[in-house]
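Single-letter residue listing:
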Amino acid sequence: MSHTQRIASWVRGLRFEDIPPECVAKAKDQLLNILAAIFMSSGHPSSRAAITGMTLYGAGGPSTILGTNLTAVPDVAAYLNSFNAQLFEFEDWVNASHAGATVIPTALAVGEAARVDGRELLLAIVVGNEMAGRTGRAILDGAYVGNSLPNHQVDTALTAGRLLGLDVRQLQSAVSLSCFMAMECCPPGFITDAKALINSVPISQGIRSAQMALHGLVGNVDMIEHSAGYLATVSEEVDLDQLTNNLGKDWAISTLRSKPFPICGYNISAIECGLQIARENAFGSEEIEEVVVYAPASTLLAGTRYHSLQPDMYRQFAEGTATHMPLLFDVPYPLAVALTHRALLPVHFTREYIQDPALAALAKKITLKVDAQLNYAYYEDFRFGSRVVVRLRDGRRLEKLVEDMPGAPGNPFDVRSKFMSGVAPVLGEEGAARVAELIDDLERHGAEELGHALRAS
Amino acid sequence: MPELLGPFFEGISEYWSKNHRAIVMGRLRPLLGRSVRFEVEDGESLVVRFGERGLDISRNGARGDACVRMSRADWLDVISGRVAIMSVVLAGRCPYPKDQRLPISKASVVLQTIVTMREAAR
């Protein structure tokens, strides 16, 4: 049996009862976390531009455009909801794949349209994570890393396909149609709003492919693993065993890492170190003489990646050739914010803060170095640690080590609080609490009811 | 103009031999056994093979599996550890051909690791 066929059979045959309760709980956590990220972005000018542009010739349909009172057809609603989930890099990942920003928008939009019950919605979320996690692992050794891993044409098609009730052959068709035009991102797009489309584009292809497969469009049976197929096209290195080994036994969603800050995942622990130092010690940011971040190489890869731009990020932001986006991958700027304002929130990536000369000056005092032990912990054990040392003018040396990020398995943060702070400003305290209750008890509610509860008045 | 790349790679060669297992792990391993040609625009060039036993540095004009070509100023920045090769790629000043992305991206991480880890250990 081919990998695609095995996967399609598993997706078709999976029952809610087969899923361990702790994985169902993770699916609910992911729902809360991604909804928070989406709602936090929904008032941003880039979000409004995307929604206005995508509904230029009319809105309407069975699926909710979250954070608004608008609806659209499922692929458009999911496209926009994913854009908002990515706009502040405030989402999550399983294994190495940023799953939540594809799986949750797909499952909500298609589930609402298909009027599935809450158990089926939760099952589809688990399926989507499983496929994102496994395909991400399969191409982990290639050139792409993190959010740029090009694997979501698989998980979106199968998530949508399951919700639409496709049979095994139709699921094979859906995923193969979705993967036919294999998408990869152009790395320079990470300095503008383009980056927020990184999951939206595969989502629309995945949902449309599932809808067409439902009505008889025929796709290949083996596009995922074919030697000239999807994974071989998007990656130099492919480990096909990752696709189906222990399928139904090892659950990708159990590795869920939800972000406590709007920042690239590689940099979360460095920010956490900075926040702990700032909250536990009394000092003004002008007293800081030097900051050194010791971290795995992956943190330096992300955290210095835009330090060669000419003009630099700040100037490009001022000139409009870049948005806030590269600063979400930086270490010096967000760490300067954390040390100065003792918080890191989406508001800190707005013009008022980005153009604050004091933050830019402090960012220049921050350097990064690879630490051998933290590097080993990342590359061999997938632990995301950092150590930050702050030297003050009065001679004090403040140091903090975080061995793995908050939001990692076994090191949770308060996702519900993030949910309320993101959703309540749009739906009101009562409306947000009602949505949280629905999600807590989703097994007894439906996707349509959840979608309606998520509509702004 | 004094040589830049030769002294740099010869300088990290011993560190590589002693520490490469702590540097090239997990998803970076596909770099092992591959060779990259490093060039300074209008200047020197050499080819480095990233081997398990050591860095094999040659000036014999071989092409390598990939080529990293950038200005002296950008090389100085990379050699300092402040930025990685990929930072220069993303700034649009170093070619990144599709068929060479794997060795370039892995070498970028590995070289910044060596430079900054060696400095941190001092």
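Residues numbered from 1 in each chain as written. Chains lettered and ligands numbered in written order. Predicted model: local features only at pLDDT ≥ 70, side-chain atom pairs only at ≥ 80, totals over all residues.

**Structural notes on the overall build of chain B**
Moving on, step 1. In terms of regular secondary structure, chain B is built from four helices and four strands.
Moving on, step 2. Counting from the amino terminus, chain B carries its helices and strands in the arrangement α-β-β-β-β-α-α-α.
Moving on, step 3. On C-alpha atoms alone, chain B measures out to a radius of gyration of 13 Å, which is about the 14 Å that the 2.2 N^0.38 rule sets for 122 residues.
Moving on, step 4. With the C-alpha coordinates of chain B rotated into their principal frame, the extents come out at 35 × 30 × 30 Å.
Moving on, step 5. By the burial criterion, 42% of the 122 residues in chain B qualify as buried.
Moving on, step 6. Contacts spanning at least 24 positions in sequence make up 65% of the contacts within chain B whose residues lie at least 6 apart. (Helix = DSSP H or I, 4+ residues; strand = E, 2+ residues; numbered from the N terminus. Rg over C-alpha atoms; globule rule 2.2 N^0.38 Å. Buried ≥ 20, exposed ≤ 12 C-beta atoms within 10 Å, placed from the backbone. Contact = placed C-beta atoms within 7 Å.)

**What about the packing of helix 2 (residues 21–41) of chain A against helix 19 (residues 415–440) of chain A?**
In a pair of packed helices, the angle between the axes and the distance between the axes together describe the arrangement.
All names here are of chain A.
Moving on, step 1. For the pair helix 2 and helix 19, interaxial distance at closest approach is 10 Å and the crossing angle is 150°. Comparing their axes, helix 19 and helix 2 come out roughly antiparallel. Viewed along their axes, helix 2 and helix 19 form a crossing whose handedness is right-handed. Counting all contacts with helix 2, which are made through Lys28, Asp29, Leu31, Leu32, Asn33, Leu35, Ala36, Ala37, Phe39 and Met40, the residues of helix 19 involved are Val415, Arg416, Lys418, Phe419, Gly422, Val423, Val426, Ala436, Ile439 and Asp440.
Moving on, step 2. Across the contact of helix 2 with helix 19, the residue classes break down as 13 nonpolar, two polar and five charged. (Axes fitted to C-alpha atoms, helices over the stretch in contact; angles between N-to-C directions. Parallel < 35°, antiparallel > 145°, perpendicular 65-115°, else oblique. Left-handed = near helix turned anticlockwise from the far one by under 90°. Nonpolar A, V, L, I, M, F, W, Y, C, P; charged D, E, K, R; others polar.)

**Focus on the interface of chain B and chain A**
Moving on, step 1. Counting residues at the interface gives 26 residues for chain B and 28 residues for chain A.
Moving on, step 2. When contributions to the side of chain B that touches chain A are tallied by element, the ones reaching two or more residues are helix 2 (72–80), helix 3 (85–90) and helix 4 (101–121) of chain B.
Moving on, step 3. Per-element tally for the side of chain B that touches chain A: the top contributor is helix 4 of chain B, with ten residues.
Moving on, step 4. Class assignment for the residues of the side of chain B that touches chain A results in 14 nonpolar, six polar and six charged.

**Looking at the domain arrangement of chain A**
Residue and element names in this part refer to chain A.
Moving on, step 1. Split into domains, chain A comes out as domain 1 (3–260 + 414–453) and domain 2 (265–402).
Moving on, step 2. For domain 1 versus domain 2, the separation of C-alpha centres amounts to 30 Å.
Moving on, step 3. At the interface, 15 residues of domain 1 touch 13 residues of domain 2. (Domains from an automatic or database assignment.)

**Observations regarding the sheet that holds strand 6 (residues 366–370) of chain A**
Residues and elements named next belong to chain A.
Moving on, step 1. Strand order across the open sheet formed by four strands is 6-5-7-8, with mixed pairing between neighbours. On the outer flanks of this sheet lie strand 6 and strand 8 (397–402), each paired with one strand and no other. Direction aside, the axes of adjacent strands within the sheet are offset by 15° on average.
Moving on, step 2. Bridge count between strand 7 (residues 386–392) and strand 8: six bridges; the pairing is antiparallel. Paired with valine 389 across the bridge in strand 8 is glutamate 399. (Pairing = 2+ DSSP bridges.)

**Quick notes on the sheet that holds strand 4 (residues 66–70) of chain B**
Residues and elements named next belong to chain B.
Moving on, step 1. The four strands are arranged 3-2-1-4 in an open sheet whose pairing can be described as mixed. Each of the sheet's edge strands pairs with one partner strand only, and the pair in question is strand 3 (55–58) and strand 4. Here the average twist between neighbouring strands, direction ignored, is 20°.
Moving on, step 2. Where strand 2 (residues 45–50) lies against strand 3, four bridges are found, and the strand directions are antiparallel.

**Notes on helix 1 (residues 5–23) of chain B**
An α-helix turns once per 3.6 residues; consequently, residues spaced three or four apart project the same way.
Residue and element names in this part refer to chain B.
Moving on, step 1. With 19 residues, helix 1 ought to run about 27 Å at 1.5 Å a step, yet its terminal C-alpha atoms sit only 20 Å apart, falling short of that.
Moving on, step 2. Its axis deflected by about 65° at serine 17, helix 1 carries its strongest bend there.
Moving on, step 3. Among the residues making up helix 1, those that are buried are Leu5, Trp16, His20 and Ile23.
Moving on, step 4. Elements that come into contact with the buried residues of helix 1 comprise strand 1 (35–40), strand 2, strand 3 and helix 4. (Expected span 1.5 Å × (residues − 1). Bend = angle between axes of the 7 residues up to and from the residue.)

**Some points on the pairing of strand 2 of chain B**
Residue and element names in this part refer to chain B.
Moving on, step 1. Two elements, strand 1 and strand 2, share five bridges in a ladder whose sense is antiparallel. Its bridge partner being in strand 2, arginine 37 is matched across the sheet by valine 47.
Moving on, step 2. What sits between strand 1 and strand 2 in their antiparallel hairpin is a turn of four residues, with aspartate 42 showing a positive phi close to 55°.
Moving on, step 3. Between strand 2 and strand 3, which pair antiparallel one after the other, the connecting turn spans four residues.

**As for the environment of alanine 72 of chain A**
Residue and element names in this part refer to chain A.
Moving on, step 1. Residue placement: alanine 72 occurs in strand 2 (residues 71–72).
Moving on, step 2. Sequence separation between alanine 72 and threonine 55 is 17 residues, and the spatial gap between their C-alpha atoms is 8.1 Å.
Moving on, step 3. When residues no more than four places from it in sequence are discounted, the contact partners of alanine 72 are Thr55, Ala59, Gly60, Gly61, Ser63, Ile65 and Ala77.

**A short note on unusual backbone geometry**
Residue and element names in this part refer to chain A.
Moving on, step 1. Going from glutamine 310 to proline 311, the amide bond is cis rather than trans, its omega being -5°.
Moving on, step 2. Even without being a glycine, arginine 115 presents a positive backbone phi close to 55°.
Moving on, step 3. Positionally, arginine 115 belongs in the loop between helix 5 (100–114) and helix 6 (118–138).

**Observations regarding the nonpolar core**
Moving on, step 1. Within the largest apolar cluster, 195 residues are counted, with the highest numbers of intra-cluster contacts made by Ile125, Val293 and Leu335 of chain A together with Ile85 of chain B.
Moving on, step 2. The element best represented in this core is helix 2 of chain A, accounting for eleven residues.
Moving on, step 3. Taken domain by domain, the makeup of this core includes at least three residues from each of domain 1 (3–260 + 414–453) and domain 2 (265–402) of chain A.
Moving on, step 4. If sequence neighbours within four positions are ignored, valine 293 of chain A has contacts with Ala270, Val331, Leu335, Ile366, Leu368, Ser386 and Val388 of chain A. (Core = buried A, V, L, I, M, F, W, Y, C linked by C-beta atoms within 7 Å.)

**Considering the pairing of strand 5 (residues 288–295) of chain A**
Working note: regular strand, side chains alternate between the two faces of the sheet.
Moving on, step 1. Strand direction decides the pairing type here: strand 5 of chain A and strand 7 of chain A, joined by six bridges, are antiparallel. Note that in strand 7 of chain A the partner of glutamate 290 of chain A across the bridge is arginine 391 of chain A.

**Quick word on helix 7 (residues 152–163) of chain A**
Residues and elements named next belong to chain A.
Moving on, step 1. For helix 7, built from twelve residues, the straight-helix expectation of 16 Å at 1.5 Å per residue is met to within 8% by its first-to-last C-alpha distance of 17 Å.
Moving on, step 2. Most of helix 7 sits inside the fold, with twelve of its twelve residues counted as buried.
Moving on, step 3. Turning to helix 7, its buried residues number three or more, namely His152, Gln153, Val154, Asp155, Thr156, Ala157, Leu158, Thr159, Ala160, Gly161, Arg162 and Leu163.
Moving on, step 4. At its buried positions, helix 7 is contacted by helix 1 (3–13), helix 5, helix 6, helix 8 (168–179), helix 9 (200–214) and helix 10 (230–234).
Moving on, step 5. A positive phi of about 80° marks glycine 165, the residue just after helix 7.

**Examining the confidence of the model for chain B**
Moving on, step 1. With 100% of its residues at a pLDDT of 70 or more, chain B has an overall mean of 95.
Moving on, step 2. Interface confidence for the predicted complex, expressed as ipTM, amounts to 0.96; the pTM equals 0.97. (pLDDT = per-residue confidence, 0-100.)

**Quick notes on the packing of helix 5 of chain A against helix 7 of chain A**
All names here are of chain A.
Moving on, step 1. It is at 9 Å that the axes of helix 5 and helix 7 come closest, and there the two elements cross at 25°. Relative to helix 7, helix 5 is oriented roughly parallel. Regarding helix 5 and helix 7, the two cross each other, and that crossing is right-handed. Judged by residue contacts, Thr102, Val103, Thr106, Ala107, Val110, Gly111 and Ala114 of helix 5 engage His152, Asp155, Thr156, Thr159, Ala160 and Leu163 from helix 7.

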